[in-house]
Each structure stands twice: as structure tokens, then as C-alpha cells.
Amino acid sequence: MSGTLGMIWYIIKGSINTLELYGITIVLSIPLGVLGALGKVSKSKLLSSVIGFYTWIFRGTPLLLQLFFIYFGLPHFLGINLDKFEAASITFVLNYGAYFTEIFRGGIISIDKGQYEAAKVLGMTYSQTMRRIILPQTIRRVLPATSNEAITLVKDTALVAAISMDDLLRNANQIVAREYTIIPFVIAGVIYLLLTSVIVWIFNKLEQKYSIYE
Amino acid sequence: MNMIQATNISKRFGNLEVLKNVSLSVAKGEVISIIGPSGSGKSTLLRCLILLEKCDGGRIEIEGIPIEAFDETGRRIPLPHKDVKDGVRKMGMVFQNFHLFPHKTVLENVIEAPIIVNKIPREEAIKEAEELLSKVGLLDKKDAYPSQISGGQKQRVAIARALAMKPDIMLFDEPTSALDPELVGEVLGVIKKLASEHMTMLVVTHEMGFAKEVSDRVVFMDQGEIIEDAPPEKLFNNPDHPRIKAFLEKIL
């Protein structure tokens, strides 16, 4: 039994890395997505095409490839050395930022043009209109898609094993390889389920909060 | 000085000429109804006056401030940004489909622009908003969301929201066209109340009874032109133009 407890403890230690990466990615990629979406719907052709190029690259290539490129490629091409955690964080923030950019852009353009007109005839500027009228309504509409991404991210963090960063799944895998038992995989599965359940619960609460006006 | 002086406004959507050299002047305290068949350019005219649409020619002055002007060659004359902003702010607008902010309560809809645009302290904005809401008979709905009230109530909130910016001129773009018939009266009642307070108003409407009752002048538009601009008794009883007769016969 102490063997199992030891396993659980070792896997949980790995989960801390997973959770840190998760937290950093969510906290940075959502604002990045908001900015990206605002840039993409802006009148500036240049800004909109630069962002279009960014989302094209990051949505169009595998996350794993991006991780390899930033961890192994950047030191090689630019002489920038990143530790595993930094490389993983940058990759995940940029990748998820690209998806959030497109999700939020879709939310923004789904808002009725009458909302812009009403704000305009009341004398509101474009930035006031965005901040006070359009974006708050967008939140409600993008919650389901954002929730999907937030759940996918939990599982995507397992990719960091590819640059041999310790995480939940890698630690589990190490025990499996050492002790010839698949119990660590079961434990890892349960932990992933717990994490995603918490996220689902949070998003359900958010949806309830934002649907009061509908 | 006229409240609105629009001269030779023209507007095209692609090849379609929706406004052909339309001129209109509105004096202080006047209530003008704009009527005519759909597609005649009534709403476009209103939208051009408040710069929701950019017209392609002509000149618009609001209380003497030019907010849109073109030179003889048809090129737009750049006007001081501040003048344009000030001119436009003298007008409030009410839309056919209300366009209330759905994520804000009735009260929040009304106080939003006074606080954000005019930088009025929140308590003061609330006090004024509550007065306006009681004027349109909706003070008891102040904490409701737009989705929880009827169309007629929404439009009355929209009127209160526009009035909260203290406009000198109110533009109404078919304010009752999206309403169930039994809700039309309550909205027209509010507009009549404003007329009795001598608010300058321009109302695009299909409500002929209303136009006859409250207007100082009725403007009939057809195919992008003003066909006749006359007091209601004249326009409804003895119009100069056969097209007006035909239109009135069809709808009355």
C-alpha cells in the first residue's frame, strides 16, 4: 500500500509542473487571444494580416513541432537558450493564443452591428464601444469554445514529455517502466479526470453567471 | 438658425441612387414626420444626418455647425473633428430594433453613455436616469434586463437612453415598426409627450394617424427624393402629387 501511496505522491509531484504550465498558459494566452482578436477585426490591414500570419503558423503546424522548434531550434538559430519549462510555456501560450484569437474574433463578429450603431449615436468611441459593449457580450458567446480549449490544454500539457520535462504523465510513465505495473497510468488518468472536471465545473458556473441576461 | 439644415444630400449604394439631392431644414421645436413607400430613402436620410452612413454629396449643418460638406468638385471637405463630434452629439437616435445593450439592465442602459461619454458622476446619472424612466413609465423595470421586457417597453427604454444624453434633436427611425400592434400606442404616447414639450424631432414612420396628429410638417419621400414637404392637413387631404394620393389610398 505504501508503494501505491509513494506512486501517487510521485505522480502528484509531476502534476505540479503540469498545473504551473496550465496556469501560465491560461493566464497569458487568453489576453493574447483578446488582443489578437481586436487586432484582427481592426481597420488596420497590416495588423490584421500580421495576426493572420501568426494564427496560420500556430494553428497550421503540430504543437509538438512548435515545442521542438522553440526548445531545440531557438538555441540553434538565435542562440537563445531556454530551460524546458520556459520553452514549454512560450510554446503553449503562443499556440493557445492563436486558437483564442480565432475564437474571440468569431465572438466579436457575431455581435449585431446595431450594437455598434447604438453606441456610436450615444457618442461612445471605438475603444469604449469595444470595452463596454462588444467584449462583455462576446464573453458569453465564446465560453463554450473556450471551455473546450481549456479542457484540451490539460491533456496537451502531456506533450512536454517529448522534451523530457517532468510532468504528470512522464512521472507516471517512469514508474510503469521501473515497476512493470500499469497502476500509475490509472492514477494519472484519475488525476486528469479530476482536473478536467474542475475546469468543466468552473465553466458551467461562468456560463450561468453570464446567461442571466438572456 | 435651423436645428438641422441639410442641403442637396446624395447617397448611392453601388449603382443605386438612394438619395438624390435631398434638402431638408428643421426649425427648433418642429416635429417632422417622414413617410413614403419602403425603399424610398427615409431611413437612409436619417442615418446620413447622424453620420451612421456617409453621404456622397451635399452639406449638413446641425445648429449651424457643419458636420458634413463637399466642395463643387464633389470632394469631401475635411471638417474639424471636434465640430463634427459636437454636432452629432446634439442628436439622439432611436432605432427600429431598439438596439438596447442586452448585457446591461434597463437602468445601466440609460446611465452608460452619461457616465462613460459625458463623465457625469454615477449617482447623478442614476438620479437623472430614474427621472427619465419614470417619464417613460418604466421606473419599476429599472433592474430588469432587456430580454425580460416587452418590445414596447424596450423602445421606451431606448428613448430614455437617448434622452439621457440631453440631445436637442431626436431622430426616430421607424420606432414602432418592429412592435406588436397593441404595443405601438405606448411608444407613440411617449413621442407625443416629447412633442408637447417642444422637442425637435424627425420621425420616420408608417403610422399615418400619428403623423397627422403630432407633426408640424410631413415629408413624403419616394425613390430617393422629397416629393412634398407640407403641413399634415395639406399633405394628407390635398397633396400636390398623384404619387402621394396613390400611396395614401393604398395604406389607409
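Structural notes, computed from the coordinates.

Thoughts on the pairing of strand 6 (residues 91–94) of chain B
Residues and elements named next belong to chain B.
(1) Moving on: Taking every second residue as pointing to the same face, both faces of strand 6 are buried, with Met91 and Met93 on one and Gly92 and Val94 on the other.
(2) Moving on: Looking at chain direction, strand 6 and strand 7 (residues 169–173) are connected through 4 bridges and run parallel. Of the residues in strand 7, the one forming a bridge with Met93 is Leu171.

As for the packing of aromatic side chains
(1) Moving on: Tallied over the full model, the rule gives 10 aromatic pairs over all chains.
(2) Moving on: With a centroid separation of 5.9 Å and an interplanar angle of 25°, the aromatic rings of Phe69 of chain A and Phe77 of chain A are classed as stacked.
(3) Moving on: The exposure class of Phe69 of chain A is partly exposed, given its relative accessible area of 47%.
(4) Moving on: Phe77 of chain A sits in the exposed class, given a relative accessible area of 59%.
(5) Moving on: Taking NZ or CZ as reference, Arg161 of chain B lies 4.5 Å from the ring centre of Phe101 of chain B, over its face.

Some points on the pairing of strand 1 (residues 4–13) of chain B
Residues and elements named next belong to chain B.
(1) Moving on: Here strand 1 pairs with strand 2 (residues 16–26) via 7 bridges, running antiparallel. For Phe13, the partnering residue across the bridge sits in strand 2 and is Leu16.
(2) Moving on: Connecting strand 1 to the next strand, strand 2, in antiparallel fashion are 2 residues, including Gly14 with a positive phi near 65°.
(3) Moving on: With 5 bridges joining them, strand 1 and strand 4 (residues 57–62) adopt antiparallel strand pairing. Bridge pairing in strand 4 links Ile4 to Ile62.

Section: the interface of chain A and chain B
(1) Moving on: Counting residues at the interface gives 20 residues for chain A, matched by 24 residues for chain B.
(2) Moving on: At the boundary of chain A with chain B, total buried surface from both sides reaches about 1900 Å², with 62% on carbon and sulfur atoms.
(3) Moving on: Looking only at chain A, the three residues that lose the most surface to chain B are Val121, Leu122 and Tyr213 of chain A, adding up to 34% of its buried area.
(4) Moving on: Here chain A and chain B share 2 salt bridges between them.
(5) Moving on: Where Glu117 of chain A meets Arg47 of chain B, a salt bridge forms, and the shortest distance between an N and an O atom there is 2.6 Å.
(6) Moving on: Put simply, chain A and chain B have 8 residue pairs in polar contact (both at pLDDT 80 or more) between them.
(7) Moving on: Looking at the side of chain A that touches chain B, the elements with two or more residues in it are helix 5 (113–121) and helix 6 (126–156) of chain A.

Observations concerning the packing of helix 2 (residues 45–60) of chain A against helix 4 (residues 84–109) of chain A
All names here are of chain A.
(1) Moving on: Where helix 2 meets helix 4, the closest approach of the two axes is 9 Å, and the angle between their N-to-C directions is 120°. With respect to helix 4, the element helix 2 is oriented oblique. Of the two elements, helix 2 crosses helix 4, and the hand of that crossing is left-handed. Only Val93, Leu94, Asn95, Gly97, Ala98, Tyr99, Thr101 and Glu102 of helix 4 make contact with helix 2, whose side of the interface consists of Ile51, Tyr54, Thr55, Phe58 and Arg59.
(2) Moving on: In terms of residue class, the contact of helix 2 with helix 4 is built from 7 nonpolar, 4 polar and 2 charged.

Some points on a nonpolar patch on the surface
(1) Moving on: A surface patch of nonpolar side chains, about 540 Å² in accessible area, is lined by Leu169, Ile182, Phe185, Val186, Val190 and Leu194 of chain A.
(2) Moving on: By secondary structure assignment, the location of Phe185 of chain A is in helix 8 (residues 183–210).

Concerning the nonpolar core
A general tendency of soluble globular proteins is for nonpolar side chains to be buried together.
(1) Moving on: Grouped together as the largest cluster of nonpolar side chains are 86 residues, with contacts concentrated most on Leu171 and Leu202 of chain B.
(2) Moving on: In terms of residues, this core owes the most to one element, helix 6 of chain A, which gives 9 residues.
(3) Moving on: Every residue in contact with Leu171 of chain B, bar those within four places of it in the chain, is listed here: Ile4, Leu46, Ile50, Met91, Gly92, Met93, Val94 and Leu202 of chain B.
(4) Moving on: Of all hydrophobic cores here, the second largest spans 40 residues; its members include Val31, Leu100, Val136 and Phe172 of chain B.

What about the sheet that holds strand 3 (residues 31–35) of chain B?
Residue and element names in this part refer to chain B.
(1) Moving on: The strand order across the open sheet built from 6 strands is 6-7-8-3-9-10, with neighbouring strands paired in mixed fashion. Looking at the sheet topology across the chains shown, the edges are occupied by strand 6 and strand 10 (225–230). Across the sheet, the axes of successive neighbouring strands diverge by a mean angle of 15°, strand direction being ignored.
(2) Moving on: In terms of strand pairing, strand 9 (residues 217–222) meets strand 10 through 5 bridges, oriented antiparallel. Note on strand 10: the bridge partner recorded for Met221 is Ile226.
(3) Moving on: This element, helix 1 (residues 42–49), spans strand 3, strand 6, strand 7, strand 8 (200–204) and strand 9 of the sheet and lies at about 145° to strand 8.
(4) Moving on: Relative to the sheet, helix 9 (residues 242–251) contacts strand 3, strand 9 and strand 10, its axis offset from that of strand 9 by approximately 95°.

Re the sheet that holds strand 4 of chain B
Residue and element names in this part refer to chain B.
(1) Moving on: Taken together, the 4 strands give an open sheet; going across it, the order is 2-1-4-5, and neighbouring strands pair in antiparallel fashion. Pairing within the sheet leaves two strands with one partner each, and these edge strands are strand 2 and strand 5 (65–69). With direction set aside, neighbouring strand axes in the sheet form an average angle of 20°.
(2) Moving on: Sitting on the sheet, helix 1 is in contact with strand 1, strand 2, strand 4 and strand 5, with an inclination near 65° to strand 2.

Observations regarding helix 5 (residues 151–163) of chain B
(1) Moving on: The end-to-end C-alpha separation of helix 5 of chain B is 18 Å, in line with the 18 Å expected for 13 residues at 1.5 Å each.
(2) Moving on: Most of helix 5 of chain B sits inside the fold, with 12 of its 13 residues counted as buried.
(3) Moving on: Turning to helix 5 of chain B, its buried residues number three or more, namely Gly151, Gly152, Gln153, Gln155, Arg156, Val157, Ala158, Ile159, Ala160, Arg161, Ala162 and Leu163 of chain B.
(4) Moving on: On the buried face of helix 5 of chain B, the contacting elements are helix 5 of chain A together with strand 6, helix 3 (106–116), helix 4 (122–135), strand 7 and helix 6 (181–196) of chain B.

Cut-offs and rules
- Residues numbered from 1 in each chain as written.
- Chains lettered and ligands numbered in written order.
- Predicted model: local features only at pLDDT ≥ 70, side-chain atom pairs only at ≥ 80, totals over all residues.
- Heavy atoms only, no water.
- Buried < 20%, exposed > 50% of the residue type's maximum accessible area, 1.4 Å probe, protein only.
- Helix = DSSP H or I, 4+ residues; strand = E, 2+ residues; numbered from the N terminus.
- Pairing = 2+ DSSP bridges.
- Phe/Tyr/Trp six-rings, centres within 6.5 Å; stacked < 30°, edge-to-face > 60°.
- Lys NZ or Arg CZ within 6 Å of the ring centre and 35° of its normal.
- Contact = heavy atoms within 4.5 Å.
- Buried area = accessible area lost by both parts, 1.4 Å probe.
- Salt bridge = Lys/Arg side-chain N within 4 Å of Asp/Glu carboxyl O.
- Polar contact = N/O pair within 3.5 Å; in protein donor to acceptor, adjacent residues only side chain to side chain.
- Axes fitted to C-alpha atoms, helices over the stretch in contact; angles between N-to-C directions.
- Parallel < 35°, antiparallel > 145°, perpendicular 65-115°, else oblique.
- Left-handed = near helix turned anticlockwise from the far one by under 90°.
- Nonpolar A, V, L, I, M, F, W, Y, C, P; charged D, E, K, R; others polar.
- Patch = residues over 30% accessible without salt bridge, like charges linked within 9 Å, V, L, I, M, F, W, Y side chains within 5 Å.
- Areas by Shrake-Rupley, 256 points an atom, 1.4 Å probe, with all protein chains shown as cover.
- Core = buried A, V, L, I, M, F, W, Y, C linked by side-chain atoms within 4.5 Å.
- Expected span 1.5 Å × (residues − 1).

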